[in-house]
Amino acid sequence: MTLTVAVPVFGPPAAGKTTLTARLSKAPATAVFRLREHVPTTILAATATSAERLGWIDDFTVIATLRAYLEDLVTAGGTGTVIFDNFPGNAAQVRHFLAALRQTAPGCAVVAVELTVNVTTLYRRAYHRRVCHRCERDPIRDPRLPAEARADDPQRCARCGGILHPRRGDAPRLLRARLQRYRQTADGIKEAFAGGGVTVHALDSGTTPEDTAQAVTTLLTARSSPA
């Protein structure tokens, strides 16, 4: 099986990107790319020491990591769709992303998805979002994946029973800074995709995760259906 579809998913913090990509990854022959899972721990740790960097990884590392990932994925085979969680993160990364795909997987279609959500919903989600330090062994102890709480105890993880914690990046000051950074880069991301001949599909993620996942699935099905 060759890589036939790439689905970059981007949007503001707390728009539901990771929840969406986790659901979509359950489809057969589908993989998810999360940048922080593939870069050296030393680089991740360096980004965490500065509130100004907000976890931002330099473009040189991003490009090298992306190309290595795609080459390994294509060589291994078995994956037809790869979903990119919160990636690319700026216009330069979009251009490198498209170039890397053309080189490693010629003919791979790109279905770009921008999740949108109103500010009230965004802040409410961030306030209630929790992560589990037991279930997610983050290399720098800064878990990102939303955890599911137990039905009888919202402070404990439904999977392991451990205590749930707020995500570090959801602290009000950091959340505002992350939102501002997204607003500064969003237009450039969309313009870079347009310049590469890729349509960006804006989806309102203010509904349920199931509805958002179904909307993306419908996009992918429409792309693969004969005219």
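Above this text sits the structure in question.
The structure displayed is predicted, hence computed values, not measured ones.

S.K.: Please set out helix H3 (residues 59-76) residue by residue, giving values where relevant.
M.R.: Given 3.6 residues to a turn, an α-helix orients residues that are three or four positions apart in the same direction. Here H3 contains 18 residues, and its C-alpha end-to-end distance of 26 Å stays within 8% of the 26 Å for a straight helix at 1.5 Å per residue. Positioned one or two residues after H3, Gly-77 has a phi angle of 70°, which is positive.

S.K.: Let's hear about the side chain of Asp-142: which residues, and what values?
M.R.: One can find Asp-142 in the loop between strand E6 (130-131) and strand E7 (165-166). Polar side-chain contacts of Asp-142 include one of 3.1 Å to the side chain of Arg-144. When sequence neighbours within four positions are dropped, the list of residues in contact with Asp-142 reads Arg-36 and Arg-168.

S.K.: Break down the packing of aromatic side chains for me, with residues and values.
M.R.: Tallied over the full model, the rule gives 8 aromatic pairs. Both rings, one in Phe-97 and one in Phe-193, keep their centres 6.5 Å apart while their planes meet at 85°; by these two values the pair is edge-to-face. Here Phe-97, found in helix H4 (residues 91-104), pairs with Phe-193, found in helix H6 (residues 172-195); they are 96 residues apart in sequence, far enough to count as distant. In this pair, the class of Phe-97 matches that of Phe-193, namely buried. Three or more aromatic residues joined by ring pairs make a cluster, and in this case those are Phe-10, Phe-33, Tyr-69, Phe-84, Phe-87, Phe-97 and Phe-193.

S.K.: Report on the pattern of salt bridges, specifying residues and quantitative values.
M.R.: Summed over the entire model, instances satisfying the criterion amount to 11 salt bridges. A salt bridge links Glu-114 to Lys-190; the shortest N-O distance between them is 3.6 Å. Taken together, the residues span a long stretch of sequence, with Glu-114 in strand E5 (residues 112-116) and Lys-190 in helix H6 at a distance of 76 residues. Here Glu-114 falls in the buried class, since its relative accessible area comes to 9%.

S.K.: Tell me about the packing of H4 against H6, and name the residues and values.
M.R.: It is the contact of H4 with H6, at a shortest axis distance of 8 Å, that shows an interaxial angle of 30°. Relative to H6, H4 is oriented roughly parallel. By crossing handedness, the relation of H4 to H6 is classed as right-handed. Contacts between H4 and H6 involve Ala-91, Val-94, Arg-95, Phe-97 and Leu-98 on the former and, on the latter, Gly-188, Ile-189, Ala-192 and Phe-193. Broken down by class, the residue content of the contact of H4 with H6 amounts to 7 nonpolar, 1 polar and 1 charged.

S.K.: I'd like to hear about unusual backbone geometry, residue by residue, with values.
M.R.: Peptide bonds are trans in most cases, and residues, glycine excluded, mostly fall at negative phi. Between Phe-87 and Pro-88 the backbone carries a cis peptide bond, its omega angle lying at 0°. In this structure, Ala-14 takes a positive phi of about 70° despite not being glycine. For Ala-14, the location among the structural elements is in the loop between strand E1 (5-10) and helix H1 (17-24). The exposure class assigned to Ala-14 is buried, which follows from its relative accessible area of 5%. Of note, Arg-141 is a non-glycine position whose phi angle comes to about 55°, a positive value.

S.K.: Please provide a residue-by-residue account of the environment of Arg-159, values included.
M.R.: With respect to the helices and strands, the residue Arg-159 is situated in the loop between E6 and E7. Take Arg-159: its relative accessible area is 71%, and that puts it in the exposed class. A sequence separation of 25 residues divides Arg-159 from Arg-134, and the C-alpha atoms of the two residues are 9.6 Å apart.

The rules behind these values
- Residues numbered from 1 in each chain as written.
- Predicted model: local features only at pLDDT ≥ 70, side-chain atom pairs only at ≥ 80, totals over all residues.
- Heavy atoms only, no water.
- Helix = DSSP H or I, 4+ residues; strand = E, 2+ residues; numbered from the N terminus.
- Expected span 1.5 Å × (residues − 1).
- Polar contact = N/O pair within 3.5 Å; in protein donor to acceptor, adjacent residues only side chain to side chain.
- Contact = heavy atoms within 4.5 Å.
- Phe/Tyr/Trp six-rings, centres within 6.5 Å; stacked < 30°, edge-to-face > 60°.
- Buried < 20%, exposed > 50% of the residue type's maximum accessible area, 1.4 Å probe, protein only.
- Salt bridge = Lys/Arg side-chain N within 4 Å of Asp/Glu carboxyl O.
- Axes fitted to C-alpha atoms, helices over the stretch in contact; angles between N-to-C directions.
- Parallel < 35°, antiparallel > 145°, perpendicular 65-115°, else oblique.
- Left-handed = near helix turned anticlockwise from the far one by under 90°.
- Nonpolar A, V, L, I, M, F, W, Y, C, P; charged D, E, K, R; others polar.

Purely spatial values, then, with no claim about function.
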